[in-house]
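# Coordinates in review
The lines below spell out each chain.
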Amino acid sequence: DAGVTQTPRHEVAEKGQTIILKCEPVSGHNDLFWYRQTKIQGLELLSYFRSKSLMEDGGAFKDRFKAEMLNSSFSTLKIQPTEPKDSAVYLCASSFWGSSYEQYFGPGTRLTVL
Amino acid sequence: AQKVTQTQTSISVMEKTTVTMDCVYETQDSSYFLFWYKQTASGEIVFLIRQDSYKKENATVGHYSLNFQKPKSSIGLIITATQIEDSAVYFCAMREYTGANTGKLTFGHGTILRVHP
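Residues numbered from 1 in each chain as written. Chains lettered and ligands numbered in written order. Predicted model: local features only at pLDDT ≥ 70, side-chain atom pairs only at ≥ 80, totals over all residues. Heavy atoms only, no water.

### Thoughts on the overall build of chain A
Note the cut-off: Each helix is a run of H or I in the DSSP string that is no shorter than four residues. Each strand is a run of E no shorter than two, and both are numbered from the N terminus. C-alpha atoms define the radius of gyration in this analysis, and the globule rule sets the expected value at 2.2 Å times the number of residues to the power 0.38. Only protein chains enter the calculation, and the probe is 1.4 Å; a residue is then buried if its accessible area is under 20% of its type maximum, exposed if over 50%, and partly exposed in between. Charge counting follows a simple rule: Lys and Arg are positive, Asp and Glu are negative, and His as well as the terminal groups are ignored. In this description, the location of a charge corresponds to atom NZ of lysine, CZ of arginine, CG of aspartate or CD of glutamate.
In terms of helices and strands, chain A carries zero helices and eleven strands. Order of helices (α) and strands (β) in chain A, N terminus to C terminus: β-β-β-β-β-β-β-β-β-β-β. Taken over the C-alpha trace, chain A has a radius of gyration of 13 Å; the compact-globule value for 114 residues is 13 Å, and the two agree within 12%. Each of the three principal axes of chain A carries a C-alpha extent, and together these read 40 × 30 × 25 Å. Buried residues in chain A amount to 48% of all 114 residues. Seen as two clouds, the 13 positive and the 13 negative side-chain charges of chain A have centres 4 Å apart.

### Things to note about the environment of Leu105 of chain B
Heads up, the condition is: By the convention used here, residues are in contact when the closest approach between their heavy atoms is within 4.5 Å.
Mapping Leu105 of chain B onto the fold places it in the loop between β10 (88-96) and β11 (106-107). For Leu105 of chain B, the contacting residues outside a window of four places in its chain are Tyr101 and Gln103 of chain A together with Phe35, Tyr37, Ala93, Met94 and Arg95 of chain B.

### Things to note about the pattern of salt bridges
All names here are of chain A. The line we're drawing: A side-chain nitrogen of Lys or Arg and a carboxyl oxygen of Asp or Glu constitute a salt bridge if their distance falls within 4 Å.
Tallied over the entire structure, the rule returns nine salt bridges over all chains. A salt bridge links Arg64 to Glu83; the nearest nitrogen and oxygen atoms lie 3.5 Å apart. Of the two residues, Arg64 is situated in the loop between β6 (53-57) and β7 (65-71) and Glu83 in the loop between β8 (74-79) and β9 (88-95); the sequence distance between them amounts to 19 residues. Taking relative accessible area as the criterion, Arg64 reaches 13% and is therefore assigned buried. Relative accessible area serves as the criterion here: at 26%, Glu83 is assigned to the partly exposed category. With its nearest N and O atoms 3.6 Å apart, the salt bridge here joins Glu83 to Lys85. With relative accessibility at 60%, the residue Lys85 sits in the exposed group.

### Quick word on the interface of chain B and chain A
Note the following rule: When two components associate, each loses some accessible surface as probed by a 1.4 Å sphere; the sum of these losses over both components is called the buried area. Polar contacts, as used here, are pairs of N or O atoms within 3.5 Å; protein pairs need one atom able to donate a hydrogen and one able to accept it. Residues neighboring in sequence count only if both atoms are side-chain atoms. Note on residue categories: nonpolar means Ala, Val, Leu, Ile, Met, Phe, Trp, Tyr, Cys or Pro, charged means Asp, Glu, Lys or Arg, and polar means any other residue, Gly included.
Chain B puts 18 residues into the contact, and the matching count from chain A is 20 residues. Together, Ile45, Lys104 and Phe107 of chain B form the three largest contributors to the area buried by chain B at its contact with chain A, with a combined 30%. Where chain B meets chain A, there are four residue pairs in polar contact (both at pLDDT 80 or more). Within the residue set of the side of chain B that touches chain A, elements represented by two or more residues are β5 (32-39), β6 (45-52) and β10 of chain B. Element by element, the count of residues in the side of chain B that touches chain A is highest for β5 of chain B, at four residues. Here the residues of the side of chain B that touches chain A sort into ten nonpolar, five polar and three charged.

### With respect to the environment of Asp31 of chain A
Residues and elements named next belong to chain A. In this fold, Asp31 is placed in strand β4 (residues 31-38). Sequence separation between Asp31 and Met55 is 24 residues; the distance between their C-alpha atoms is 9.3 Å. There is a polar contact of 3.0 Å between the side chain of Asp31 and the side chain of Tyr48.

### With respect to the state of the cysteines
Residues and elements named next belong to chain A. Applicable threshold: For the purposes of this analysis, a disulfide is any pair of cysteine sulfur atoms at a distance within 2.5 Å.
Here the structure, examined in full by the defined rule, presents two disulfides over all chains. Between the sulfur of Cys23 and that of Cys92 lies a disulfide, 1.8 Å long from S to S. Negative torsions about the S-S bond denote left-handed disulfides, and the value of about -65° found for Cys23 with Cys92 makes this one left-handed. Of this pair, Cys23 sits in strand β3 (residues 19-24) while Cys92 sits in strand β9, and the two are 69 residues apart along the sequence. Classification of Cys23 by relative accessible area gives buried; the value is 1%.

### Examining the side chain of Glu102 of chain A
Tracing the chain through its elements places Glu102 of chain A in the loop between β9 and β10 (104-105). Within polar-contact distance, the side chain of Glu102 of chain A engages the side chain of Arg50 of chain B at 3.4 Å. Apart from residues no more than four positions distant in its own chain, Glu102 of chain A is found in contact with Ser94 and Ser95 of chain A together with Phe35, Tyr37, Phe47 and Arg50 of chain B.

### Notes on unusual backbone geometry
Residues and elements named next belong to chain A. Looking along the chain, the bond that leaves Thr7 and enters Pro8 is cis, with omega of -10°. Along the polypeptide, Pro8 turns up in the loop between β1 (5-7) and β2 (10-13). Cis geometry is adopted by the peptide bond preceding Pro81, which originates at Gln80 and carries an omega value of -10°. With respect to the helices, strands and loops of the structure, Pro81 is situated in the loop between β8 and β9. The phi angle at Ser51 is positive, at roughly 45°, despite the residue not being glycine. Among the structural elements, Ser51 can be located in the loop between β5 (42-50) and β6.

Here it is in structure tokens:
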């Protein structure tokens with residue numbers, strides 16, 4: 001079975017640009033999560049969807065971050081406009097609600113904002 | 001609010017020895033799930049093992065096992081016969097169960113494990 005896929009793996013943006021990160025969850029999973037990982041803050045939850053419905057979006061990230069689930073097998077995270085402090089690894093994870101709840105992570109997108 | 005704490009920032013061990021990584025958690029719930037994940041040098045995060053709070057038996061998967069001490073709100077990860085490729089960052093995580101319509105996990109900050117030849 002295919003795991004969680006994320007594209008691109010690396011992204012370099014100029015300050016002020018708009019970037020879109022993509023995620024495809026494990027087939028059949030109905031919970032999808034976007035995280036940001038930095039050395040200082042660790043794993044921070046950005047957004048959480050269940051069956052395309054937004055369950056939670058991280059309060060601190062509402063301003064310039066917008067995640068969407070276009071269908072049950074595809075999600076995007078848009079950052080607009082980017083700032084240097086957004087440089088981090090962005091991870092997508094999925095799980096099956098109603099089962100054992102462990103999340104399966106994608107390989108991540110490393111974003112560098114200049 | 002839930003909280004997961006990993007007090008060990010890093011641990012170094014020799015290959016083929018046994019290592020234990022600590023994790024304590026805070027929750028108001030009587031039922032919950034506990035998880036351990038491994039993040040390799042490439043950045044990949046892999047699910048390792050899970051403990052359901054209502055189970056008294058410690059979970060075991062391959063050379064990973066758990067030391068679940070519910071009265072102490074503690075869930076230690078034990079790796080036996082460590083190998084060089086076990087070198088990674090290990091994260092502890094928790095999900096509350098009762099009344100919580102969420103699959104969200106609370107993660108600790110991680111423990112770096114270095115296995116030396």
